[in-house]
Amino acid sequence: MHNETMYNLGSAPSAIRELFAYGMERKAQIGDDNVFDFSIGNPSVPAPDSVAQAIRDLADVPPAELHAYSAAQGLESTRAAIAENLNKRFGTSYTADNFYLTMGAAACLSACFTALVNPGDEVIVISPYFPEYRVWIEFAGGVCVEVPAREDNFQIDLDALKAAITTKTKAVVINTPNNPVGTVYTRETLEGLAAVLKDAEKTFGHPIYLISDEPYRELTYGVEVPWVPAIYNNTLVCYSWSKSLSLPGDRIGYVLVPDEVDDARAVYLAVCGAGRSLGYICAPVFFQRIIERVVDEPTNVEAYAVNRQILTSALDELGYEYIAPDGAFYLWIKALEPDAQAFSNKAKEHELLLVPSDSFGVGGWVRAGYCIAQDTIERSIPAFAALKKDYE
Ligand code: PLP
């Protein structure tokens, strides 16, 4: 007999994927241009030309070398290039040995939870949160504890966080810039967070790790994204190039375990062990080599900045409430009725695909991913107007 938990996960697609699949079906029925699909975080900005150039260059590498396995944790030269990039930007002194390369931020996070969690350990997430966190934490044998973000600005509610920490707390996960809200945690928030965690470490006498999930790190609109390990020593960073260089299908990312982490070597080896037990070894080597060549490539946020501007000014005019996003490419819009699912269903009647906030652990909002064509956003405005009218 198969594993029932796995069956349930496999047979119940996520709300985001379900809405995306509905959108594909609807587009086939009424035409691509008539569906305004804000459901998924697939970057609309093309990957930079340097990626295509690197792919062409690699065609000349002898096949026996090009297609060979790398070490489980990735090519040393790629990890060294990533270290150098971060050291230049953040004044750090990382080396190749601080990095474990694996398949996108998803595998990084899952490996970190598996590396850190013992049965019954608690991992705190800030709600609303990326729904897969719960899946990975529970798979690792942990308990996912939700702490709601502040309602006024969706920064971390430090008092609520403090109250939620227990002797079983092993880690806290943060995501800044944030999916689904678009918030970037301020330096003040992060310093407050570090103070709460350091205090709790003293009280409970064991490390509390901060897992910083950062696939949107470079996607910001004029605000600072502080380097989290410089603020709290016990930070592990999970990163991918899925959003920053528009390479989501190429499944490449890293876990960074800085030397400053308590028991850093043991934690790094536990990440390696988690990668081994999950089968997340030897990340796609072709794309390891690509990353080594394009690691310094800047992120193109221009198109998202324009989309953000068009959408927010239209929604201002129509009288919608939303959280002004400082980063990522999502707009968190207040539903016009308390039931977010019902509001999302109503939006569907206007061919507007908005993800209900229940999928992210809170009620009353929807998420619009504006990483889509500018033209689609412009043409979606009458649909937002009609949806508003339904509630007047
Ligand atoms: N974390 C967050 C907050 C995300 O939004 C995503 C993807 O959308 C991931 C992790 C997973 O990223 P990747 O595609 O690199 O696995």
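Everything numeric in this text was worked out from a predicted model, so none of it was measured.

*Asks:* Could you give an account of the sheet that holds strand β2 (residues 99-102), with specific residues and numbers?
*Replies:* With respect to topology, 7 strands assemble into an open sheet ordered β2-β8-β7-β6-β5-β3-β4, the strand pairing being mixed. Both outer strands of the open sheet, β2 and β4 (143-148), are each paired with one neighbouring strand and no more. Put simply, the sheet's adjacent strands are angled 20° from each other on average, direction ignored. Across 4 bridges, strand β7 (residues 235-240) lies against strand β8 (residues 253-256) in antiparallel orientation. For Val237, the partnering residue across the bridge sits in β8 and is Leu256. Contacts from helix α10 (residues 264-278) reach β2, β6 (209-213), β7 and β8, with the element oriented near 15° to β2.

*Asks:* Could you give an account of the side chain of Ser39, naming the residues involved and the relevant values?
*Replies:* In this fold, Ser39 is placed in the loop between β1 (36-37) and α3 (49-58). At a separation of 2.6 Å, a polar atom in the side chain of Ser39 contacts the side chain of Asp37. If we skip the residues at most four places from it in the chain, Ser39 touches Ile16, Leu19, Phe20, Leu353, Val355 and Arg367.

*Asks:* Describe helix α5 (residues 76-90), and please don't skip the residues or the numbers.
*Replies:* Between its first and last C-alpha atoms α5 spans 21 Å; for 15 residues at 1.5 Å apiece the expected length is 21 Å, and the two agree. Those residues of α5 not exposed but buried are Thr78, Arg79, Ala81, Ile82, Ala83, Asn85, Leu86 and Asn87. Next to the buried residues of α5 lie β2, β8, α10 and α11 (285-294). Directly beyond the C-terminal end of α5, a positive phi value near 65° is found at Gly91.

*Asks:* Describe the domain arrangement of the protein chain, and please don't skip the residues or the numbers.
*Replies:* For the protein chain, the domain assignment lists domain 1 (4-48 + 300-390) and domain 2 (68-294). Here the C-alpha centre of domain 2 lies 26 Å away from the C-alpha centre of domain 1. Taken residue by residue, the interface counts 30 residues in domain 1 and 29 residues in domain 2. For domain 1, the biggest contributors to the area lost against domain 2 are Asp326, Ala328 and Phe360; these three give 23% of the whole. Inspection of the region where domain 1 meets domain 2 yields 11 residue pairs in polar contact (both at pLDDT 80 or more).

*Asks:* Can you lay out a negative patch on the surface for me, pointing to particular residues and giving the numbers?
*Replies:* Taken together, the side chains of Glu76, Asp97, Asp259 and Glu260 define an acidic patch exposed on the protein surface. Mapped onto the fold, Asp97 is located in the loop between α5 and β2. On the accessibility criterion, Asp97 (42% relative accessible area) is partly exposed.

*Asks:* How would you summarise the state of the cysteines if you had to cite specific residues and measurements?
*Replies:* Within the structure shown, the criterion is met by 0 disulfides. Cys108 carries a free sulfur, and the closest cysteine sulfur to it, the one in Cys238, is 5.2 Å from it. Owing to a relative accessible area of 0%, Cys108 belongs among the buried residues under this scheme.

*Asks:* Explain unusual backbone geometry to me, and be specific about the residues and the numbers.
*Replies:* For the bond from Thr176 to Pro177, the omega torsion is -10°, close enough to zero to count as cis. Here Pro177 is to be found in the loop between β5 (169-175) and α9 (187-204). That bond from Asn179 to Pro180 is cis: its omega, 20°, falls within 30 degrees of zero. Note on placement: Pro180 falls in the loop between β5 and α9. In this model, Arg251 sits at a positive phi of 50°, which is unusual for a non-glycine residue. Along the chain, the position of Arg251 falls in the loop between β7 and β8.

Reading the values: the criteria
- Residues numbered from 1 in each chain as written.
- Predicted model: local features only at pLDDT ≥ 70, side-chain atom pairs only at ≥ 80, totals over all residues.
- Heavy atoms only, no water.
- Pairing = 2+ DSSP bridges.
- Helix = DSSP H or I, 4+ residues; strand = E, 2+ residues; numbered from the N terminus.
- Axes fitted to C-alpha atoms, helices over the stretch in contact; angles between N-to-C directions.
- Contact = heavy atoms within 4.5 Å.
- Polar contact = N/O pair within 3.5 Å; in protein donor to acceptor, adjacent residues only side chain to side chain.
- Expected span 1.5 Å × (residues − 1).
- Buried < 20%, exposed > 50% of the residue type's maximum accessible area, 1.4 Å probe, protein only.
- Domains from an automatic or database assignment.
- Buried area = accessible area lost by both parts, 1.4 Å probe.
- Patch = residues over 30% accessible without salt bridge, like charges linked within 9 Å, V, L, I, M, F, W, Y side chains within 5 Å.
- Areas by Shrake-Rupley, 256 points an atom, 1.4 Å probe, with all protein chains shown as cover.
- Salt bridge = Lys/Arg side-chain N within 4 Å of Asp/Glu carboxyl O.
- Lys, Arg positive; Asp, Glu negative; His and termini not counted.
- Charge placed at Lys NZ, Arg CZ, Asp CG, Glu CD.
- Disulfide = S-S within 2.5 Å.

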